[in-house]
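# An overview of the molecular structure
Residues per chain are reported as follows:
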Amino acid sequence: IANPSVTEEATRALEPNPLVWAREYAAIPQDEDEDSIITSAVLDRVTRVECCLVPDDRHAYVAFLDLRSDEWVLSIGSMTNNAVRRVDRVHVWTGAFPKWTHVAKALKPYGIKHVFCPDFAEFSTREAAREAGIALVANAWPKMTLDNAFQELKTLAQTARLDLPADDDVRDTLGEQRLLDR
C-alpha cells in the first residue's frame, strides 16, 4: 500500500541500491499472469536480433562459467555507456567438461583472462585453468543469493537495462527461472 507521506528521497535513503529501489519503490508493473522471474513479454523487449556481438575495444568484458544439469555454460557480458548490461555471447558445452584450452579460445576475442565460476574451488581445477591462461575467480556473487541475483536481473529487464542475445538457451533459462520463495 502506497504511503503518500513518504517522499522519493526518503525511499532512496531507505534503499541505496538503485536496482532494488526500482523493484521496491518505482512501481514497475508486475506481470502476474506468469510465475517465471522474467516473463515472455519482457524477454521479447530486451532480446536483440543478433545472437553474438563482435567484441570491440570499447567494452570491458566479464565471463561466468557454470554447470547447468549436464551442460557447461560460458556467458560473456559487458556494460554499455548508458549502464545497460549486455550478454554478448553464450557458449554451451554438453556432457563432459570442455578442455580449458577450448574455454580459453572462446575468451580470447574478448581479451578475458579471468572467469567467475563458483563451482571450481579445488586446486587441481584452478591449476589446469591457469595452465590454459585463465584465472578462476570463485564466489562471483558472494553476498548475494541466487534468488536476489534473479530479482535484480528481473528489474534490469523490466527497466530496459538488459540486452540479451537471440539465443534459445538464454531465453529458456530465464523463462524457466522461478523465485525460490514462491
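Residues numbered from 1 in each chain as written. Predicted model: local features only at pLDDT ≥ 70, side-chain atom pairs only at ≥ 80, totals over all residues. Heavy atoms only, no water.

## Looking at the overall build of the protein chain
When helices and strands are tallied, the protein chain shows seven helices and six strands. Tracing the protein chain from N to C terminus, the helices and strands come up as α-α-α-β-β-β-α-β-α-β-α-β-α. Within the protein chain, buried positions represent 38% of all 182 residues. Across the protein chain, the fraction of contacts at a sequence separation of at least 24, relative to all contacts at a separation of at least 6, is 60%. When the accessible surface of the protein chain is summed, it comes to about 11,100 Å², and 54% of that surface belongs to carbon and sulfur atoms. (Helix = DSSP H or I, 4+ residues; strand = E, 2+ residues; numbered from the N terminus. Buried < 20%, exposed > 50% of the residue type's maximum accessible area, 1.4 Å probe, protein only. Contact = heavy atoms within 4.5 Å. Areas by Shrake-Rupley, 256 points an atom, 1.4 Å probe, with all protein chains shown as cover.)

## Comments concerning the packing of aromatic side chains
A complete count under the given rule lists two aromatic pairs for this structure. With 5.0 Å between their ring centres and 75 degrees between their planes, Tyr61 and Tyr110 make a pair best called edge-to-face. Of this pair, Tyr61 sits in the loop between α3 (40-46) and β1 (62-68) while Tyr110 sits in the loop between α4 (100-107) and β4 (114-116); the two residues are 49 residues apart in sequence, bridging distant segments of the chain. Overall, the relative accessible area of 12% leaves Tyr61 in the buried class. Using a relative accessible area of 9% as the deciding quantity, one classes Tyr110 as buried. Pairing Phe64 with Phe116 gives two aromatic rings, centres 5.3 Å apart and planes at 25 degrees, and the pair type is stacked. Pair noted here: Phe64 is in strand β1 and Phe116 is in strand β4, with a separation of 52 residues, a long-range link. (Phe/Tyr/Trp six-rings, centres within 6.5 Å; stacked < 30°, edge-to-face > 60°.)

## Focus on the side chain of Arg86
In this fold, Arg86 is placed in strand β3 (residues 85-94). Under the relative-accessibility criterion, Arg86 is labelled buried at 11%. Within the structure, the side chain of Arg86 is placed 2.5 Å from the side chain of Asp88, a separation counted as a polar contact. In this structure Arg86 touches Leu53, His59, Tyr61, Ile76, Gly77, Ser78, Thr80 and Asp163, once residues within four positions along its chain are discounted. (Polar contact = N/O pair within 3.5 Å; in protein donor to acceptor, adjacent residues only side chain to side chain.)

## Comments concerning the nonpolar core
Ranked by size, the top nonpolar core spans 19 residues in total, and within it Leu74, Ile76, Leu107, Val115 and Ile134 carry the most contacts. Going through the elements one at a time, β1, β2 (71-79) and α4 are the ones with two or more residues in this core. Here this core takes five residues from α4, the largest share from any one element. Filtering out sequence-adjacent residues up to four positions away, Ile134 remains in contact with Trp100, Val103, Ala104, Leu107, Lys113, Val115 and Ala129. Among the nonpolar cores identified, the runner-up in size contains 14 residues, and Val90, Leu156, Ala157 and Val170 belong to it. (Core = buried A, V, L, I, M, F, W, Y, C linked by side-chain atoms within 4.5 Å.)

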